[in-house]
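Here is what each chain is made of, one letter per residue.
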Amino acid sequence: MNAQSILYGNETIQYEVCYTPHRRTNIAVHVHPNGSIQVDAPDGRSLTEIRNAVRKRARWIQKHVAEANRQREHLLPREYVSGESLFYLGRRHQLKVVASETGQSVKLLRGVIRVETQSPSKDAVKKLVKAWYRSRANVIFERRLEAICNSVVWLNSPPAWKLLAMKKQWGSCSPKGVIQLNPHLVKAPRECIDYVIRHEICHIKHHDHSPQFYRQLTQLMPDWKPIKGKLDGMAEMLLNE
Ligand SMILES: [Zn+2]
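Just so it is clear, the model here is predicted, and its values are computed rather than measured.

Overview of the overall build of the protein chain
Regarding its fold elements, the protein chain presents 6 helices and 11 strands. Summarising its shape, the C-alpha atoms of the protein chain cover approximately 65 × 50 × 25 Å along the three principal directions. Out of the 241 residues in the protein chain, the part that is buried amounts to 44%. Put simply, of all contacts in the protein chain between residues at least 6 apart along the chain, 49% involve residues at least 24 apart. Counting only carbon and sulfur atoms, one obtains 48% of the accessible surface of the protein chain, whose full area is about 13,500 Å². Taking the 38 positively charged and 22 negatively charged side chains of the protein chain as two groups, their mean positions are separated by 2 Å.

A look at the coordination of the zinc ion
Taken together, the protein donors to the zinc ion comprise His199 (NE2), His203 (NE2) and His209 (NE2), at separations of 2.0 to 2.1 Å. The sequence pattern formed by the donor residues of the zinc ion is H-x3-H-x5-H. Separated by 10 residues along the polypeptide, His199 in helix 4 (residues 190-205) and His209 in the loop between helix 4 and helix 5 (211-220) bring together distant segments of the chain. Residue His199 is classed as buried on the basis of its relative accessible area of 12%.

Overview of the domain arrangement of the protein chain
Split by domain assignment, the protein chain resolves into domain 1 (2-73), domain 2 (85-133) and domain 3 (135-238). The distance between the C-alpha centroids of domain 1 and domain 2 comes to 36 Å.

Regarding the sheet that holds strand 2 (residues 11-20)
Taken in spatial order, the 4 strands line up as 1-2-4-3 in an open sheet, and their pairing is mixed. Of all strands in the sheet, those bounded by a partner on one side alone are strand 1 (2-8) and strand 3 (28-31). Recorded for the sheet is a direction-independent mean angle of 30° between the axes of neighbouring strands. With 7 bridges joining them, strand 1 and strand 2 adopt antiparallel strand pairing. Note that in strand 2 the partner of Ala3 across the bridge is Glu16. Those strands touched by helix 6 (residues 224-238) are strand 2 and strand 4 (37-42), and its axis lies near 170° from that of strand 4.

Here's the deal with the environment of Asn156
Inspection of the secondary structure puts Asn156 in the loop between helix 3 (122-150) and strand 9 (161-163). Residue Asn156 is classed as exposed on the basis of its relative accessible area of 83%. Along the chain, Asn156 and Val186 lie 30 residues apart, while their C-alpha atoms are 26 Å from each other.

Concerning unusual backbone geometry
Positive phi, close to 55°, is recorded for Tyr80, a residue that is not glycine. Relative to the helices and strands, Tyr80 is located in the loop between helix 2 (58-73) and strand 5 (85-88). According to the relative accessible area criterion, Tyr80 is buried, its value standing at 7%. A positive phi angle, near 45°, is found at Arg110, a position not held by glycine. Relative to the helices and strands, Arg110 is located in the loop between strand 7 (105-109) and strand 8 (112-117).

Reading the values: rules and limits
Starting from 1, residues in each chain are numbered consecutively following that chain's sequence as written. Residue-level local features of this predicted model are given only where pLDDT is at least 70; pairs of side-chain atoms are given and counted only at 80 or more, and the full residue set underlies all totals for whole chains, interfaces and linings. Hydrogens are left out, water is left out, and the side-chain values use all remaining heavy atoms of the structure. Counting from the N terminus, the helices are the DSSP runs of H or I reaching at least four residues and the strands are the DSSP runs of E reaching at least two. Relative accessible area decides the class of each residue, using a 1.4 Å probe on protein chains only: under 20% of the type maximum gives buried, over 50% gives exposed, and in between gives partly exposed. Working rule for contacts: check all heavy atoms of both residues, and any pair within 4.5 Å makes them a contact. Areas reported as accessible are Shrake-Rupley estimates using a 1.4 Å probe. Residue values count occlusion only from the protein chains shown. Residues scored as charged are limited to Lys and Arg (positive) and Asp and Glu (negative), so that His and the chain ends carry no count. By convention, the point assigned to a charge is CZ for Arg, NZ for Lys, CD for Glu and CG for Asp. Coordinating donors are taken as N, O and S atoms within 2.8 Å of the metal, stretched to 3.2 Å for Na, K and Ca; because water is absent from the atoms, sites can appear incomplete. Domain start and end points were adopted from an automatic or database domain assignment. Here, a strand pair is defined by DSSP locating no fewer than two bridges between the strands. A fitted line through C-alpha atoms serves as each axis, taken over the contacting stretch for helices, and the angle formed by two N-to-C directions is quoted from 0 to 180°.

Structure below.
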């Protein structure tokens, strides 16, 4: 990553330039939910060209940064009541809590996460939602691990893995090569899930963040940098319980 800035009016706009071999034509500007600005550019574009692209979109950027900051002020602990939004695979879904006589369940239907419970207290709903995330994470991570491992020539079989809730990390890899994935990651877009899985798979071979590790990662996922940037920009929101 490469930190740059321009002056626009009285304000400094700071942004990170992310070169990506896969992007062929356009320079794309993203404002992340944490208010940070990421500019994806094809390899070979000069910083001046990128600066001009940022300047052209400066007003749009300011508007979106202001909006992200406004949203973050509302980033309070959740109440787990109807109308709140919950992330799942990178999208916001509305929570709907329904008091039920018969039993409890969590279902995702047409963009709504519907929780039925006999006691719709905050703690009870939170517990059910958490368990639902874990069960979705189990299914989706298993599927993605298998698909990704099939395309890694130096792996004979998918590695052992388990869920582990972590405060600041999306994944880890033990010295024995067991991968641990944070269940909160299931709230992130699919490409971000794939990025974390590929990152941890590379740790099976390289247990550090050495240049060899990054070479391996880039081989498995040439455009991992902007995807990591996206995930970093969403982290605060996704980890908010
Ligand atoms: Zn790592």
